[in-house]
Amino acid sequence: MISVPEAENILKKFKFEKTENVDLFNSYGRIIARDIVSKQNIPDFRKSNMDGYAVTSPCLESYVLIDEVHAGDFRDLKIEGNECVWVATGGKVPEEAHCVIPVENTIIENKIMGIIEIPDNTYVVEKGSDISNGDLVLKKGSLINERNIGLIASLGISELRVYKTPKVAIISTGDELEKISDVNSKSIAGIVKKAGCEPVFLGISKDDKTELRNKLIEALNYDVIVTSGGVSAGKRDFTSEIIDELGTVLFHGVMMRPGKPVLAGEIDGIPIICMPGKVTSCIICSYLFLYPLLCRYSNSKKCKKIVNAKIMGEFKKEADKRFYLPVVYDNGFVKPVFKDSSHITSIAYSNAIVELKEGISVADGEVEVWIYD
């Protein structure tokens, strides 16, 4: 057996860099695979921020109205001296104009405009004042959300290079699943989705070596493989043997509880993580080993939220193993809810996990708490 840090380091070698093009309309929630650099100025012309009159200087007594500019009118009008142009909000302002006088600050009669009050703002939005040609708009690795998708659209971009959503093949094993509910595959699928990946359930394999082998070969069409059950020392636990035949067993057995039998391997460069069949062990190992790997694969920025809290009472454990204790965290205190690794309520009613490291036989006082995000 190896330690938890050793197992975590082994899994860090796996990387996922597959990308694809998507149209902007369907890009929400995806991760950008390349820097987005503007190839234009935004706005790409001087525009008015108010309905008003564009003038060269606000210091004259009167101005002659020579034209009107509405939104969508991109003519290059020129004004000089005491000339002015009426400009709608968003309309193009002549290059010679120093400012736009809002209509409420003016009087107009027979195409002669007079200024009632000189504003303290030019009301002209300068070319490139929002985004300049060559600006880095969004960095590689940015999540496309409801706020920045409009920013991308403003640049005239209709298609993006994004990271592919990793597909995770899930296989449950065990003859007993013909008679009892398959809980683990649903829990694993939830963690896969939480990490920003797509779960694909390939079904249940009986405790039959040929059937399980065929399921694993089918799973090689996906980016990550996850199984549950079949990793202990039983006579019909074939997972380790099959992985060793098809690829490489990276580790089998970790000095932790619950979840000691967890196994990881590699087949044709594809990582495979095999969870114990007991439900709490399965979920703990999924959080500890699968979730970080999938977050890297999906380029998710999610990470552990760690807080300090005081444990209510005390908890005894073996000193030579790490223990992952499901708890309920509430306002600076945690209450253990662990019963047994085969009990679903040991994990279902928790909202956090406490990691108790080697060398500790009794946990009490203040502990670090990993809150489920």
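Definitions and limits used
- Residues numbered from 1 in each chain as written.
- Predicted model: local features only at pLDDT ≥ 70, side-chain atom pairs only at ≥ 80, totals over all residues.
- Heavy atoms only, no water.
- Phe/Tyr/Trp six-rings, centres within 6.5 Å; stacked < 30°, edge-to-face > 60°.
- Helix = DSSP H or I, 4+ residues; strand = E, 2+ residues; numbered from the N terminus.
- Buried < 20%, exposed > 50% of the residue type's maximum accessible area, 1.4 Å probe, protein only.
- Contact = heavy atoms within 4.5 Å.
- Pairing = 2+ DSSP bridges.
- Axes fitted to C-alpha atoms, helices over the stretch in contact; angles between N-to-C directions.
- Salt bridge = Lys/Arg side-chain N within 4 Å of Asp/Glu carboxyl O.

Peer 1: Looking at this structure, how should I read the packing of aromatic side chains?
Peer 2: The geometry of an aromatic ring pair comes down to the distance between the two centres and the angle between the two planes. Applying the stated criterion to the full structure yields 7 aromatic pairs. Ring geometry for Tyr 287 and Trp 370: centres 5.8 Å apart, planes at 75°, overall edge-to-face. Taken as a pair, Tyr 287 in helix 6 (residues 279–297) and Trp 370 in strand 24 (residues 362–371) lie far apart in primary sequence, 83 residues in all. Both residues of the pair, Tyr 287 and Trp 370, count as buried. Where Phe 323 meets Phe 338, the ring centres are 5.3 Å apart and the plane angle is 90°; that geometry is what we call edge-to-face. Taken together, the residues Phe 323 in strand 21 (residues 322–330) and Phe 338 in the loop between strand 22 (333–336) and helix 7 (345–348) connect sequence positions 15 residues apart. In this structure Phe 323 comes out as buried when scored by relative accessible area, which is 1%. Take Phe 338: its relative accessible area is 16%, and that puts it in the buried class. Among the aromatic side chains, those forming a connected cluster through ring pairs are Tyr 287, Tyr 291, Trp 370 and Tyr 372.

Peer 1: What exactly am I supposed to notice about unusual backbone geometry here?
Peer 2: Excluding glycine, most residues fall at negative phi; most peptide bonds, likewise, are trans. Omega for the peptide link from Ile 42 to Pro 43 comes to -10°, which places this bond in the cis form. Note that Pro 43 resides in the loop between strand 2 (36–37) and strand 3 (47–48). A positive phi angle is found at Tyr 123, which is not glycine, with a value near 55°. By secondary structure assignment, the location of Tyr 123 is in the loop between strand 9 (112–115) and strand 10 (124–125).

Peer 1: What exactly am I supposed to notice about the side chain of Asn 148 here?
Peer 2: Residue position: Asn 148 is located in helix 2 (residues 148–154). In contact with Asn 148, not counting residues within four places along its chain, are Leu 138 and Leu 143.

Peer 1: Looking at this structure, how should I read the sheet that holds strand 6 (residues 83–87)?
Peer 2: In a beta sheet, neighbouring strands are held together by backbone hydrogen bonds and run either parallel or antiparallel to one another. Pairing in this open sheet of 6 strands is mixed, and the strands run 7-4-6-5-9-8 from one edge to the other. Of all the strands in the sheet, the pair left with one neighbour each is strand 7 (99–102) and strand 8 (106–109). Strand after strand, the sheet turns through a mean of 40° between neighbouring axes, direction not considered. For strand 8 and strand 9, the ladder comprises 4 bridges, and the chain directions are antiparallel. Bridging across to strand 9, Glu 109 finds its partner in Ile 112.

Peer 1: Before we go on, may I ask you to explain the pattern of salt bridges in this structure?
Peer 2: Oppositely charged side chains may form a pair once their charged atoms are brought near each other. Throughout the structure, instances matching the rule amount to 15 salt bridges. The closest approach of N and O atoms between Glu 96 and Lys 78, which form a salt bridge, is 3.7 Å. You can see Glu 96 sitting in the loop between strand 6 and strand 7 and its partner Lys 78 sitting in the loop between strand 5 (63–69) and strand 6, a full 18 residues away along the chain. Using a relative accessible area of 62% as the deciding quantity, one classes Lys 78 as exposed. Glu 355 is the partner of Arg 322 in a salt bridge, and the nearest nitrogen-oxygen pair spans 3.0 Å. In this pair, Arg 322 is assigned in strand 21 and Glu 355 in strand 23 (residues 352–356), connecting sequence segments 33 residues apart. A residue is classified by how much of its surface remains accessible, and Arg 322, at 11% relative accessible area, is buried. Relative accessible area serves as the criterion here: at 28%, Glu 355 is assigned to the partly exposed category. Linked through salt bridges whose partners overlap, the residues forming this network are Lys 209, Arg 213, Glu 241 and Glu 245.

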